[in-house]
Amino acid sequence: MFTAQSLLGDYALRIFNNILIFIILAVSYNLINGVTGQLSLEPNGFVAIGAYITALMLLDEDLKWSMFQLSDPHPFVLSLYSELLPALFCSGLVAAVIAILLSFPVFRVRGDYLAIVTLGFGFIIKILAINNPQWTNGAIGLNEIPNNHDSVVGYIEQALFALGSGDSTLSGFFHYLYTHAFANGANITVFFWSGIFATASVILILQIVYSKYGRAMKAVRDDEDAAIAMGINTFKIKTFAFSTSAFLEGVGGGLMAVWLTTIDPKIFGFELTFQLLIIIVLGGLGSTTGAILGAILVVGGGEWLRFLDQPLIFFNTDFGSYPGLRMVFFSVILLSIMLFAREGIMGKNELWDLHPTKIRWFKRRQ
């Protein structure tokens, strides 16, 4: 992470950071939708909650007064202020608490009805954001969100500078890290935390999947009535999966807000949920490594095909430009993959399940 700025460059670093954020969102969404088998269409709502809470906690009082144009900011909004890490945890906790409260009415229904209920939640959050300017600045949104307000990364910078000041070989290594991560004016704060939370999210989800709770989630997915007959508290299991997913989606939304430095309600429409749904279906419902692979292909592949929107020149012949051609090719690629891999690229398997030696680093003995 510390040498990413010099190795990747600004553009590639932005794409890589987007991939990391979508990995957090994809593996968490896959827990409730793929592992537990509940067709939930709510991610955009929890991502919006996390984004707004993180943004409001990072903006200081003066910025809020100058930014809120449709209405004076609420006194509680003015009182919010913290660094990035506490803001991210608060975003996740608020999203998780709301998910627990929603579980009581939401999980009274199943299947398509569950999808409709959770879809409505995403629209409600968007409408509330637009019509409550004293809390969110309405349709204008929030901008100038600080992306370097974190003392942890500051301590790392100071430590690398101190460790790299000596004459030993190890000091030279630390000096190299400091030079390529901080001395060139790079800001890796968001990238650092995106990498940390993406790694932690994958480990956490895998630990859950291979625990007794994960086996219960799969039982609910395969046959909920049979799971109830076997004594499984399906409401408890679904609520646990729902709140865990919401926590990580709140954190991912906070990282998205800080990385973009500007947010508005339009960003958190159903298109975001649909994109996450494409990612987990493409990778394989129920596969955590499939969700990671899907995030890489959808987010990274979409950027890689961007050259198709530019003027096309082949064999010294200018064929002109065709705006939107990138999405046409991208759709054809997705369609081809799904035709030949009906259950997604990984199906319900993990990457190590395909290895001949069947290595399972995270799987506990059953």
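Just above, that's the structure.
This write-up is about the structure you can find in this document. (Residues numbered from 1 in each chain as written. Predicted model: local features only at pLDDT ≥ 70, side-chain atom pairs only at ≥ 80, totals over all residues. Heavy atoms only, no water.)

## Observations regarding the overall build of the chain
Per the secondary structure count, the chain includes 16 helices and four strands. For the chain, buried positions account for 49% of its 366 residues. Taken as a whole, the chain presents about 17,900 Å² of accessible surface, with 65% of it coming from carbon and sulfur. (Helix = DSSP H or I, 4+ residues; strand = E, 2+ residues; numbered from the N terminus. Buried < 20%, exposed > 50% of the residue type's maximum accessible area, 1.4 Å probe, protein only. Areas by Shrake-Rupley, 256 points an atom, 1.4 Å probe, with all protein chains shown as cover.)

## Quick look at the nonpolar core
Counting residues in hydrophobic clusters, the biggest one holds 95 residues, and the most contacted among them are Phe22, Phe46, Leu142, Ile263 and Phe268. The element contributing the most residues to this core is helix α1 (residues 4-35), with 15 residues. The residues contacting Ile263, other than those within four sequence positions of it, are Ala51, Tyr52, Ala55, Ile140, Gly141, Leu142, Ile145, Ala257 and Phe268. (Core = buried A, V, L, I, M, F, W, Y, C linked by side-chain atoms within 4.5 Å. Contact = heavy atoms within 4.5 Å.)

## A short note on the pattern of salt bridges
Pairs may arise between side chains of opposite charge once their charged atoms sit close together. Tallied over the full model, the rule gives four salt bridges. Where Arg221 meets Asp222, a salt bridge forms, and the shortest distance between an N and an O atom there is 3.4 Å. Note that Lys238 and Glu224 form a salt bridge whose closest N and O atoms lie 2.9 Å from each other. You can see Lys238 sitting in helix α13 (residues 234-260) and its partner Glu224 sitting in helix α12 (residues 224-229), a full 14 residues away along the chain. Across the pair, exposure class does not vary: Lys238 and Glu224 are buried alike. (Salt bridge = Lys/Arg side-chain N within 4 Å of Asp/Glu carboxyl O.)

## Section: the packing of helix α5 (residues 84-106) against helix α6 (residues 111-131)
Remark: α5 packs on α6, axes separated minimally by 11 Å, with the N-to-C direction vectors making an angle of 140°. With respect to each other, α5 and α6 are oriented oblique. At the point where α5 passes α6, the crossing takes the right-handed sense. Residues Ile98, Leu102 and Val106 of α5 pack against Leu114, Val117, Thr118 and Phe121 of α6. (Axes fitted to C-alpha atoms, helices over the stretch in contact; angles between N-to-C directions. Parallel < 35°, antiparallel > 145°, perpendicular 65-115°, else oblique. Left-handed = near helix turned anticlockwise from the far one by under 90°.)

## Concerning helix α16 (residues 325-340)
The periodicity of an α-helix, 3.6 residues per turn, causes residues three or four places apart in sequence to face the same way. The end-to-end C-alpha distance of α16 is 23 Å, a good match for the 22 Å that 16 residues give at a rise of 1.5 Å each. Taken as a whole, α16 has its buried residues at Leu325, Arg326, Phe330 and Leu334. Buried residues along α16 sit in contact with α14 (270-283) and α15 (288-304). (Expected span 1.5 Å × (residues − 1).)

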